[in-house]
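In case you want the letters, here they are:
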Amino acid sequence: MAKLKNLEKYKEMVYTCLRCGSCRDLWDPKENVYGTCPIREHTGGFDVYFMRGKLMLARKALEGVIEPSEDMAKYIYLCSTCGNCEAHCRISQTSPGKVDREKTKLDQIKVIEAFRADLVDLGLALPRHKAFADSISKNHNPYGEPHDARLAWMPEGFEMPEGDPEIIYFVGCTSAYRRTELAKATVDVLRKAGVPFKIMHPDEWCCGSPLLRTGQRGLAEEVAGHNLDAIRRSGIGTVVTSCAGCYRTLKLDYKDLFGDLGFEVKHISEVVNDLIGEGRLKLKRPLAMKATYHDPCHLGRHCDYYDPPRELIAKLKGVEFVEMPRTRSGAWCCGSGGGMKSAFGELAIEIATDRLKEAKEVGAEYLLSCCPFCKHNFLDAKRAMGSDLEIYDLIELVSQAT
Amino acid sequence: MTKASLEAALNEILTERYVSNDPNVAIAYVRDTGIFEGFPPEEVVRPGSAEEVSEILKVANAERKPVVIRGGGSTYTGSCVPLMEGTILMDLTRLDDVVEIDEGARSITVQAGINWGKMMTILRQRGYTPGMTGPGSGWTATVGGSASVASTGGGRAKFGGICDQILGLQVVLPTGEIIRTGSRVNPYAKAFCRYGLGPDMTGLFLGDHGIFGVKTEVTMRIHPLAKSVVHFEYAFRSEEKAIETFAELGKVNELATSINFYDADYVSYSARRPGYAHLSGVEGEVLGTITAQSEKLALAQKEVFDEIARKHGGEELEPKRAKHAYENTFFPYNTYFWMRRDSGIYLCLANQNSADSLPRVIRGYRDFLKAHRDVVDKYFEYQGITVQTYMRHITMSARRYLPWKFDMDPEARRIAMDFWTKEIDFFIRNGAVHYWIGKIVGDRLYILVSKEYHEFLKRVKRALDPNGILNPGLFLL
């Protein structure tokens, strides 16, 4: 029997699942949840496509009843780790008082990531995931782009506000190479607010999120350790991201890996709210749109970060805001997280079309988010569908409005 | 037919997307929510229509392949797991739409694989509710599965169980024919009653655990949402007085949607929790909910209850828990599964009940637990045990869940199963009528059922399912 040493650590959690199936297709208006698992909805839908089946597979793999294989790896990687199942799990919501709750509380994402780490150790990582890991190793980004070009997006002649840097802007690979409009908008807003900031180039490497999500822990710890050292060396106390994935990784995973960070991690939407409140940033230009907001999984369910983006949208003049039914902890995943976009690209786009349809159904003209990865996948879905929905990151609207 | 040709035939019906013989897929279906474990199926299929179900059953008949029918997999007695090797497991959760809400006929027709949560959400948006609002597992339990196991749940006091609500079915017979039951058999009639066709054939398929056919549509009675909801909660210094009240309220069960009883242990357990200190010294509670189409009506009905409770010495409490139970239609699973060993007994009253034997049964059950104290204390100390006693002239079922640390241990599982079996025997011999039967209860029950009845069941089974392909192994068939 193959040794599943990472999964073994979560054995108690695996056995805590009673297979009630709330991870399959839960409808609970009180929790804004209408359906639980996007993978289940866009595949054959067998139990193994959603968490109940994956945990049963984990249990039987731990018992040695079934051996890890490429087929098993496929099912374990068919999960965007969006956390909708965890957020609405009828077992993990409350556990009995006398039992150590932390020990048995089901943390589905941790279990899946541990299982994936074992699959990686057994040489069963998916080829596409290995490929981006190779790129991170060589280029410090998963996109195969040269590290030297990480700041190629920076507007020519950009004038940094004077003064010592107040914050580090951690750009992130997707904003640096694929959705550069987010990076441009972020520095534009910071400049307008007169916030001196530092970008850690050449010391900013991939945050490690794609590696951690796909079980490639060794390299993840290496890049995380590098970034952590660079941040600490800077002596700056606040790191700001415009990427939900970087935010989750810096805030939660770095802490898990290294303990107390010694600095704060903030999302740009929170920072902008503060800057507006302090009068440092003025919203000068009214917009004219009906917009809805998509909670990125890494911000919302993973970090319980739901209100700041909505508070910011409320401040933008001329934006008529409308919620989608599946919102906040019930938000339907865009489909691209957890290594899905790279390994199962078509499926990720298919899942994203659900969200675009939902946005249209509530009459929105704009679908806003706070994550370059979500935006990237939504744009792919928009092209695939021929949708006229506008896809924007919230920071882009702030840039337009200031 | 080889495995490959069976797979090809199933692919032809469903496309490869909904057919799998991958062991990684199959292994996930060896259990329901309980501790009983069956065999991995040879094939798993997810049909999306009655026609597809029919075609699969024709192939299965031709090949004498056993077929296991599964809805949400929410039972705990092994009713939807393969009891032998070489089965086709038919997962019906693709059939999850509302077919029709007929306000004139006051009925809803749904595909059998819809879960209660989804159906209730859609129905409530239209201003309706079924009488019985679903089992505790309703977030995930399917309506078809509930019909197959004769489930009960919210609203049971006034409306009874799901079988009392059902007006007709669409069923695919084991040999592949698609039939309807109830008034819709008449193509000109609406779906509003089960009768008018001679014998009630709907009942044949209710509680059948899928041995007589595959339900693909279920039609149920609907009612307008209540305009007034009033809760009641009475505390008693004597458990006997609480039972007397519970029994007497049961005689006017049509006045309340739920009537529950908590025994002395249950109340004592509650009293130790934050916010419930006022229950200290209370030996029994009766609580529940009255729903009506006007406040005046609801209050008048409650006055009847108040009077009965006062007569037996009941003190009225703020109905916090009754309100909570009503507002959380489906219990989160953990409130069932994680109840403490010492959390006591509670009874939920359903219509047409008789509570005469309750004190004797409760006393007997306590003695039974005392006699097995070593096993209970060792294996069910912290979590995982629940003793739910549903009463429906009288319906009782004890549920046994092992905490994770024992579920990992095969010996502990064996001991737990043995204990559970003894417990089931106790309830059967005390007049309990289980609603979730499955393999666990069925094997014990059919030892005690008359041979003549079992023979009759076999004859009906042979007539409908000559090759015995549907859910073999249940009810000792």
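All chains use their own residue numbering, which begins from 1 and follows the written sequence. All chains are assigned letters beginning with A, and all ligands numbers beginning with 1, in the order in which they are written. Local features in this predicted model are restricted to residues of pLDDT 70 or higher, and side-chain atom pairs are both shown and tallied only at a pLDDT of 80 or more, whereas totals for entire chains, interfaces and linings draw on every residue. The side-chain quantities take in all heavy atoms of the structure and omit both hydrogens and water.

**Some details on the overall build of chain B**
Thinking step 1. Scanning chain B from terminus to terminus reveals 18 helices and 17 strands.
Thinking step 2. Relative accessibility under 20% of the residue-type maximum defines a buried residue, over 50% an exposed one, and the middle range a partly exposed one, all with a 1.4 Å probe and only protein chains included. Out of the 477 residues belonging to chain B, those deemed buried represent 63%.
Thinking step 3. Intrachain contacts of chain B at a sequence separation of at least 6 include 72% that bridge at least 24 residues.
Thinking step 4. A 1.4 Å probe and the Shrake-Rupley method give the accessible areas. Residues count as covered only by the protein chains that appear here. For chain B, the computed accessible surface area is about 17,800 Å², with 52% contributed by carbon and sulfur atoms. Where helices and strands are cited, they refer to DSSP runs of H or I of at least four residues and of E of at least two residues respectively, numbered from the N terminus. Whether two residues touch is decided by their heavy atoms; if any such pair falls within 4.5 Å, the residues are in contact.

**A word on the interface of chain A and chain B**
How big an interface is tends to be stated in terms of accessible area lost as the parts join.
Thinking step 1. Each partner contributes to the interface: chain A provides 47 residues, whereas chain B provides 49 residues.
Thinking step 2. By definition, the buried area sums, over both parts, the 1.4 Å-probe accessible area that each loses when the two are put together. Buried area between chain A and chain B, summed over both chains or domains, comes out near 4,000 Å², and the portion from carbon and sulfur atoms is 58%.
Thinking step 3. Here, a salt bridge means any side-chain nitrogen of Lys or Arg that lies within 4 Å of a carboxyl oxygen of Asp or Glu. At the junction of chain A and chain B, the tally comes to two salt bridges.
Thinking step 4. The closest approach of N and O atoms between Asp47 of chain A and Arg70 of chain B, which form a salt bridge, is 4.0 Å.
Thinking step 5. Distance and chemistry together define a polar contact, namely a pair of N or O atoms within 3.5 Å, with one atom able to donate a hydrogen and the other to accept it when in protein, and with adjacent residues in sequence counting only for side-chain atoms on both sides. Put simply, chain A and chain B have 15 residue pairs in polar contact (both at pLDDT 80 or more) between them.
Thinking step 6. Put simply, the parts of the chain that give the side of chain A that touches chain B at least two residues each are α2 (11–16), α3 (22–25), β1 (27–28), α4 (38–41), α5 (51–62) and α6 (70–77) of chain A.

**What to know about the domain arrangement of chain A**
All names here are of chain A.
Thinking step 1. Residue ranges for the domains originate in an automatic or database domain assignment. Here the domain parsing of chain A yields domain 1 (5–124), domain 2 (142–276) and domain 3 (283–401).
Thinking step 2. Each partner contributes residues to the interface: domain 1 has ten residues there, and domain 2 has eight residues.
Thinking step 3. Carbon and sulfur atoms supply 41% of the area that domain 1 and domain 2 bury against each other, a total of about 650 Å² over both sides.
Thinking step 4. In this assembly, domain 1 and domain 2 are joined by one salt bridge.
Thinking step 5. Taking the shortest distance from any N to any O, the salt bridge between Arg213 and Glu113 comes out at 2.7 Å.
Thinking step 6. In terms of residues, the side of domain 1 that touches domain 2 owes the most to one element, helix α9 (residues 108–121), which gives seven residues.
Thinking step 7. Across the side of domain 1 that touches domain 2, the residue classes break down as five nonpolar, two polar and three charged. For this scheme, ten residues count as nonpolar: Ala, Val, Leu, Ile, Met, Phe, Trp, Tyr, Cys and Pro. Four count as charged, namely Asp, Glu, Lys and Arg, and the remainder, Gly too, count as polar.

**Considering the sheet that holds strand β6 (residues 264–267) of chain A**
Residue and element names in this part refer to chain A.
Thinking step 1. Judged by pairing direction, the sheet is parallel, and its four strands sit side by side in the order β4-β3-β5-β6 without closing on themselves. Unpaired on one side and paired on the other, β4 (197–198) and β6 mark the two borders of the sheet.
Thinking step 2. Pairs of strands are assigned from DSSP output, requiring at least two bridges between the strands. Pairing of strand β3 (residues 167–170) with β4 involves two bridges; the strand directions are parallel. Paired with Ile167 across the bridge in β4 is Phe197.
Thinking step 3. Lying on the sheet, helix α12 (residues 180–192) is in contact with β3 and β4; it crosses β3 at an angle near 165°.
Thinking step 4. Helix α15 (residues 244–258) rests against β3, β5 (238–241) and β6 of the sheet, and its axis sits at about 160° to β6. In this description, a line fitted to the C-alpha atoms serves as the axis of each element, helices being fitted only across the stretch in contact, and the angle between N-to-C directions of two axes falls anywhere from 0 to 180 degrees.

**Observations regarding the nonpolar core**
Residue and element names in this part refer to chain A.
Thinking step 1. Tyr169, Val272 and Leu316 are the most contacted members of the largest nonpolar core, which totals 90 residues.
Thinking step 2. When residues in this core are grouped by element, the largest group, seven residues, is from helix α14 (residues 217–234).
Thinking step 3. Summarising the domain contributions, this core has at least three residues from each of domain 2 (142–276) and domain 3 (283–401).
Thinking step 4. Counting 52 residues, the second-largest nonpolar core is a separate cluster that includes Tyr49, Leu55, Ile112 and Leu124. Residue types Ala, Val, Leu, Ile, Met, Phe, Trp, Tyr and Cys, when buried and joined through side-chain atoms within 4.5 Å, form a set referred to as a nonpolar core.

**Structural notes on the sheet that holds strand β7 (residues 289–293) of chain A**
Strand pairing in a sheet relies on backbone hydrogen bonds. The paired strands run either parallel or antiparallel.
Residues and elements named next belong to chain A.
Thinking step 1. Here four strands make up an open sheet; going across it, the order is β8-β7-β9-β10 and the pairing parallel. Of all strands in the sheet, those bounded by a partner on one side alone are β8 (319–321) and β10 (390–393). Looking at each pair of strands side by side, their axes are set apart by 35° on average, direction ignored.
Thinking step 2. The strands touched by helix α21 (residues 372–385) within the sheet are β9 (366–369) and β10, with β10 carrying the most contacts at an inclination of about 170°.

**Some thoughts on the environment of Phe246 of chain B**
Thinking step 1. Topologically, Phe246 of chain B is positioned in helix α8 (residues 239–250).
Thinking step 2. The buried category is assigned to Phe246 of chain B, whose relative accessible area is 0%.

**Some words on the packing of α8 of chain B against helix α13 (residues 358–371) of chain B**
Residue and element names in this part refer to chain B.
Thinking step 1. Following both chains from N to C, one finds α8 and α13 inclined at 135°, their axes separated by 10 Å at the closest point. Considering their axes alone, α8 and α13 lie oblique with respect to each other. Across the interface between the two elements, Glu239, Ile243 and Phe246 of α8 pack against Leu358, Pro359, Ile362 and Arg366 of α13.
Thinking step 2. Tallied by class, the residues present in the contact of α8 with α13 amount to five nonpolar, no polar and two charged. Small angles under 35 degrees read as roughly parallel and large ones over 145 as roughly antiparallel, with 65 to 115 read as roughly perpendicular and the rest as oblique.

**Examining the pairing of strand β8 (residues 166–172) of chain B**
Residues and elements named next belong to chain B.
Thinking step 1. Buried residues dominate β8, accounting for seven of its seven residues.
Thinking step 2. Sheet topology places β8 next to strand β9 (residues 178–180); three bridges connect them, and they run antiparallel. Across the sheet, residue Val172 finds its bridge partner in β9, namely Ile178.

**Some points on the packing of helix α16 (residues 268–277) of chain A against helix α18 (residues 307–315) of chain A**
Residue and element names in this part refer to chain A.
Thinking step 1. Packing of α16 against α18 leaves a shortest axis separation of 8 Å and a crossing angle of 45°. Compared by their axis directions, α16 and α18 come out oblique. The handedness of the crossing between α16 and α18 is left-handed. Counting all contacts with α16, which are made through Ser269, Glu270, Val272, Asn273 and Ile276, the residues of α18 involved are Pro308, Pro309, Glu311, Leu312 and Lys315.
Thinking step 2. Looking at the contact of α16 with α18, its residues break down into five nonpolar, two polar and three charged. Each crossing gets its handedness from the near helix: less than a right angle anticlockwise from the far helix is left-handed, clockwise is right-handed.

**Details of the confidence of the model for chain B**
Thinking step 1. Values of pLDDT, which run from 0 to 100, indicate the predictor's confidence residue by residue. Taken as a whole, chain B shows an average pLDDT of 88; of its residues, 89% reach a score of 70 or greater.
Thinking step 2. Confidence drops under pLDDT 50 across residues 333–340 of chain B; counting only partners more than four residues distant or on other chains, this segment forms 46 contacts.

**Considering the pattern of salt bridges**
Thinking step 1. Going through the model one piece at a time under the given rule, you end up with 58 salt bridges over all chains.
Thinking step 2. A salt bridge links Lys60 of chain A to Glu63 of chain A, with the shortest nitrogen-to-oxygen separation between them at 2.8 Å.
Thinking step 3. For Lys60 of chain A, a relative accessible area of 4% gives the class buried.
Thinking step 4. Taking relative accessible area as the criterion, Glu63 of chain A reaches 34% and is therefore assigned partly exposed.
Thinking step 5. A salt bridge links Lys190 of chain B to Asp102 of chain B; its shortest N-O distance comes to 3.0 Å.

**So, α18 of chain A**
Thinking step 1. If you check which residues of α18 of chain A are buried, you get Pro308, Pro309, Arg310, Leu312 and Ile313 of chain A.
Thinking step 2. Of the surrounding elements, those touching the buried residues of α18 of chain A are α16, β7, β8, β9 and α22 (394–401) of chain A.

**Comments concerning the confidence of the model for chain A**
Thinking step 1. Averaged over every residue, the pLDDT of chain A is 95; the share at 70 or more is 96%.
Thinking step 2. Between residues 95–101 of chain A, whose pLDDT stays under 50, and residues either more than four places distant or in other chains, the model counts 15 contacts.

**A closer look at the side chain of Glu43 of chain B**
All names here are of chain B.
Thinking step 1. Its place among the elements puts Glu43 in strand β2 (residues 43–45).
Thinking step 2. This count recognises Lys and Arg as positive and Asp and Glu as negative, with His and chain-terminal groups excluded. At 7.7 Å, Lys65 is the nearest oppositely charged side chain to Glu43, a buried residue that forms no salt bridge.
Thinking step 3. Every residue in contact with Glu43, bar those within four places of it in the chain, is listed here: Lys3, Leu6, Glu7, Leu10, Val19, Ser20, Asn21, Thr87, Ile88 and Leu89.

**Describing α14 of chain A**
Residue and element names in this part refer to chain A.
Thinking step 1. In this model α14 runs 26 Å from its N-terminal to its C-terminal C-alpha over 18 residues, within 8% of the 26 Å that 1.5 Å per residue would give.
Thinking step 2. Contacts made by the buried residues of α14 are with α10 (127–139), β3, α13 (209–213), β5 and α15.
Thinking step 3. Among the residues trailing α14, Gly235 stands out with phi positive, at a value near 75°. Here the expected span of a helix is defined as 1.5 Å times the quantity of residues minus one.

**Remarks on a nonpolar patch on the surface**
Thinking step 1. To count toward a patch, a residue needs a relative accessible area over 30% and no salt bridge; like charges are then connected within 9 Å, while nonpolar side chains (Val, Leu, Ile, Met, Phe, Trp, Tyr) are connected within 5 Å. On the surface, Ile447, Leu448 and Leu476 of chain B cluster together to form a nonpolar patch covering roughly 260 Å² of accessible area.
Thinking step 2. Structurally, the position occupied by Ile447 of chain B is in helix α17 (residues 438–448).

**As for the packing of aromatic side chains**
Thinking step 1. Paired rings are identified among Phe, Tyr and Trp, the last through its six-membered ring, by centres lying within 6.5 Å, and are further divided according to the angle between planes into stacked (under 30 degrees), edge-to-face (over 60) and tilted (the rest). Under the criterion given, the structure shown has 21 aromatic pairs over all chains.
Thinking step 2. Judged by centre distance (5.6 Å) and plane angle (70°), the ring pair of Tyr49 of chain A and Tyr75 of chain A falls under edge-to-face. One end of the pair, Tyr49 of chain A, is in the loop between α4 and α5; the other, Tyr75 of chain A, is in helix α6, with 26 residues separating them in the sequence. For the residue pair Tyr49 of chain A and Tyr75 of chain A, the accessibility class agrees, reading buried in each case.
Thinking step 3. Relative to Phe261 of chain B, the ring of Phe246 of chain B lies with its centre 5.8 Å away and its plane at 40°, an arrangement referred to as tilted. In this pair, Phe246 of chain B is assigned in helix α8 and Phe261 of chain B in strand β12 (residues 258–262), connecting sequence segments 15 residues apart. Phe261 of chain B carries the same exposure label as Phe246 of chain B, and that label is buried.

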